[in-house]
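Listed below are the residues making up each chain.
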Amino acid sequence: MHQYLKAIGFGGIGSKKELYKILDDVESRFTYHELVYMEEELDFCEYQKEYGAGIGVSVFGNLDIDEHFKREYYFPFFIGTGITSYAEVMVDRRMDREAYIGVCEDAKIGISLIFHLQNTLEYLREKELGQGKVSYSSVTLSGLSNSGVILLPVKKDKVQVKQQKDEARNRINLMNAARNGDPTAIESLTLENIDTYSKVSKRLVTEDVFSIVDTYIMPYGVECDRYAILGEIKAIDTTVNEYTGEDIYIMRLDVNELSFDVCVPVKEVMGEAAVGRRFKADIWLQGRINLGTGQN
């Protein structure tokens, strides 16, 4: 049973029989269906059903020439809004199944963001038409979280906010230069990291880490597409899982200057969610490649 079914309101599923009932419902009452040619007399097929605004379950498998569908795997999904990044994205197939992950190299965060690709069949069709090359314009990321905690914001005046933005912009410029092999930029980043470590170590003696760090995103656990995040809530909405009746928060977060949506069950959030406060959680990162101009 998939760990993140709970994130979209299926936390009450207690047996495989209940799970199979939902998967059968997806296949028989789907809201989206697509297939691509894989080999002679066999197509790779996706059935997708939304159980609320932007949340649902996708089922993948093979469809033979006699229209017999063999289920291979499934996953819960949450479709985010807006654009998260225009940075370069690489896509690679997982070893164990016909599923794909994306790797986004965005200079804002300094690490490679790895996400589960949502629009797999769209990507495969574009790849086939482009003879192995896929054109894209941007990526829209989203996160599924089973639970989380609301934290108060860090108090800052206008001068501190401006200074923080200037420092972040300068760091991005340095990182871009360092990636191009600029030795001066590499040295500056090294000295900056040493200075930051020294300042944080001194402040931690008398302050809590969450009063020093505004937001963060870092790998969590052994899975490559799971992250621990702390983000500022920019917008918040609520949707309902039509199958279970469970309320789901949809939060728009600012995480290290990256904007993306996260869904989480209302009853699993500790604290009162509000715009301006911060949300701390572990997430499964998903994403859609927005096909258009660009080169992958």
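Each remark here, short or long, concerns the structure printed above.
S.K.: Describe the sheet that holds strand β2 (residues 42-52), and please don't skip the residues or the numbers.
M.R.: One open sheet accounts for four strands, arranged β1-β2-β3-β4; its pairing is antiparallel. Among the strands making up the open sheet, the edge pair consists of β1 (32-39) and β4 (69-78). When strand polarity is set aside, the average angle formed by the axes of neighbouring strands in this sheet is 20 degrees. Sitting on the sheet, helix α1 (residues 16-28) touches β2, β3 (55-64) and β4, and the angle it makes with β2 is about 105 degrees. Lying over the sheet, helix α2 (residues 120-129) contacts β1, β2 and β3, oriented at roughly 45 degrees with respect to β1.

S.K.: Could you give me a rundown of the pairing of strand β13 (residues 258-265), with the residues and numbers involved?
M.R.: Across the eight residues of β13, seven count as buried, placing the element largely inside the fold. Note that strand β8 (residues 136-144) and β13 share three bridges and pair parallel. When the sheet's bridge partners are listed, Gly143 is paired in β13 with Val262. Pairing geometry for strand β12 (residues 247-255) and β13, over eight bridges, is antiparallel. Bridged to Leu253 within β13 is Phe260. Between β12 and β13, which follow one another and run antiparallel, lie two residues, and Asn256 among them has a positive phi close to 50 degrees.

S.K.: Can you tell me about the environment of Gly231, naming the residues and giving the values?
M.R.: You can see Gly231 is positioned in strand β11 (residues 226-240). Judged by its relative accessible area of 0%, Gly231 falls in the buried class. Spatially, the C-alpha atoms of Gly231 and Ile217 are 8.3 Å apart, while their sequence positions differ by 14 residues. Here Gly231 is in contact with Thr215, Leu253, Asp254, Val255, Arg277, Arg278 and Phe279, once residues within four sequence places are set aside.

S.K.: Account for empty space enclosed by the protein, with residues named and values stated.
M.R.: With the rule as written, the count across this model stands at one cavity of 30 Å³ or more. Estimates place the volume of the largest cavity at around 30 Å³. Among the secondary structure elements, those contributing two or more residues to the lining of the largest cavity are β2 and β4. Its residues assigned to classes, the lining of the largest cavity shows three nonpolar, three polar and two charged.

S.K.: Residue-level account of the pattern of salt bridges, with values.
M.R.: Close approach of charged atoms allows side chains of opposite charge to pair. Across all of its chains, the model carries 11 salt bridges by this definition. Through salt bridges with shared partners, a single ionic network connects Asp24, Glu27 and Arg71.

S.K.: Pulling in residues and values, what's your account of the pairing of strand β5 (residues 89-93)?
M.R.: Looking along a regular strand, one sees side chains alternate from face to face of the sheet. Direction of pairing for β5 relative to strand β6 (residues 100-105): antiparallel, over a ladder of five bridges. Bridged to Met90 within β6 is Val103. The turn linking β5 back onto β6 is made up of six residues.

S.K.: Which residues make up unusual backbone geometry, and what are the values?
M.R.: Of note, Glu67 is a non-glycine position whose phi angle comes to about 65 degrees, a positive value. Looking at where Glu67 falls in the secondary structure, it is placed in the loop between β3 and β4. Given the relative accessible area of 60%, Glu67 is considered exposed.

S.K.: Break down the layout of surface pockets for me, citing the residues and quoting the values.
M.R.: What the second largest pocket holds in volume is close to 310 Å³. When residues of the lining of the second largest pocket are assigned to their parent elements, the largest contribution, five residues, is made by β4. Considering only residue class, the lining of the second largest pocket consists of four nonpolar, three polar and eight charged.

S.K.: Give a description of the packing of aromatic side chains that names residues and reports values.
M.R.: Tallying each qualifying case throughout the model produces 11 aromatic pairs. Here Phe30 and Tyr47 contribute two aromatic rings whose centre-to-centre distance is 5.2 Å and whose plane-to-plane angle is 55 degrees, an arrangement assigned as tilted. One end of the pair, Phe30, is in the loop between α1 and β1; the other, Tyr47, is in strand β2, with 17 residues separating them in the sequence. Geometry around Tyr51 places Lys49 over its ring, the cationic atom sitting 5.4 Å from the centre. The ring centre of Tyr73 lies 5.1 Å from the NZ or CZ of Arg97, which sits over that ring.

S.K.: Report on a negative patch on the surface, specifying residues and quantitative values.
M.R.: Taken together, Glu39, Glu40, Glu41, Asp66 and Glu67 make up a surface patch of like negative charges. You can see Glu40 is positioned in the loop between β1 and β2.

Rules used throughout
Residues numbered from 1 in each chain as written. Predicted model: local features only at pLDDT ≥ 70, side-chain atom pairs only at ≥ 80, totals over all residues. Heavy atoms only, no water. Pairing = 2+ DSSP bridges. Helix = DSSP H or I, 4+ residues; strand = E, 2+ residues; numbered from the N terminus. Axes fitted to C-alpha atoms, helices over the stretch in contact; angles between N-to-C directions. Contact = heavy atoms within 4.5 Å. Buried < 20%, exposed > 50% of the residue type's maximum accessible area, 1.4 Å probe, protein only. 1 Å grid on protein atoms, 1.4 Å probe; cavity = no way out; pocket = protein on both sides within 12 Å on 5 of 7 lines; lining within 4 Å. Points joined across faces, edges and corners; volume = space filled by probe spheres on them. Nonpolar A, V, L, I, M, F, W, Y, C, P; charged D, E, K, R; others polar. Salt bridge = Lys/Arg side-chain N within 4 Å of Asp/Glu carboxyl O. Phe/Tyr/Trp six-rings, centres within 6.5 Å; stacked < 30°, edge-to-face > 60°. Lys NZ or Arg CZ within 6 Å of the ring centre and 35° of its normal. Patch = residues over 30% accessible without salt bridge, like charges linked within 9 Å, V, L, I, M, F, W, Y side chains within 5 Å. Areas by Shrake-Rupley, 256 points an atom, 1.4 Å probe, with all protein chains shown as cover. Lys, Arg positive; Asp, Glu negative; His and termini not counted. Charge placed at Lys NZ, Arg CZ, Asp CG, Glu CD.

Keep in mind these numbers describe shape, not what the thing actually does.
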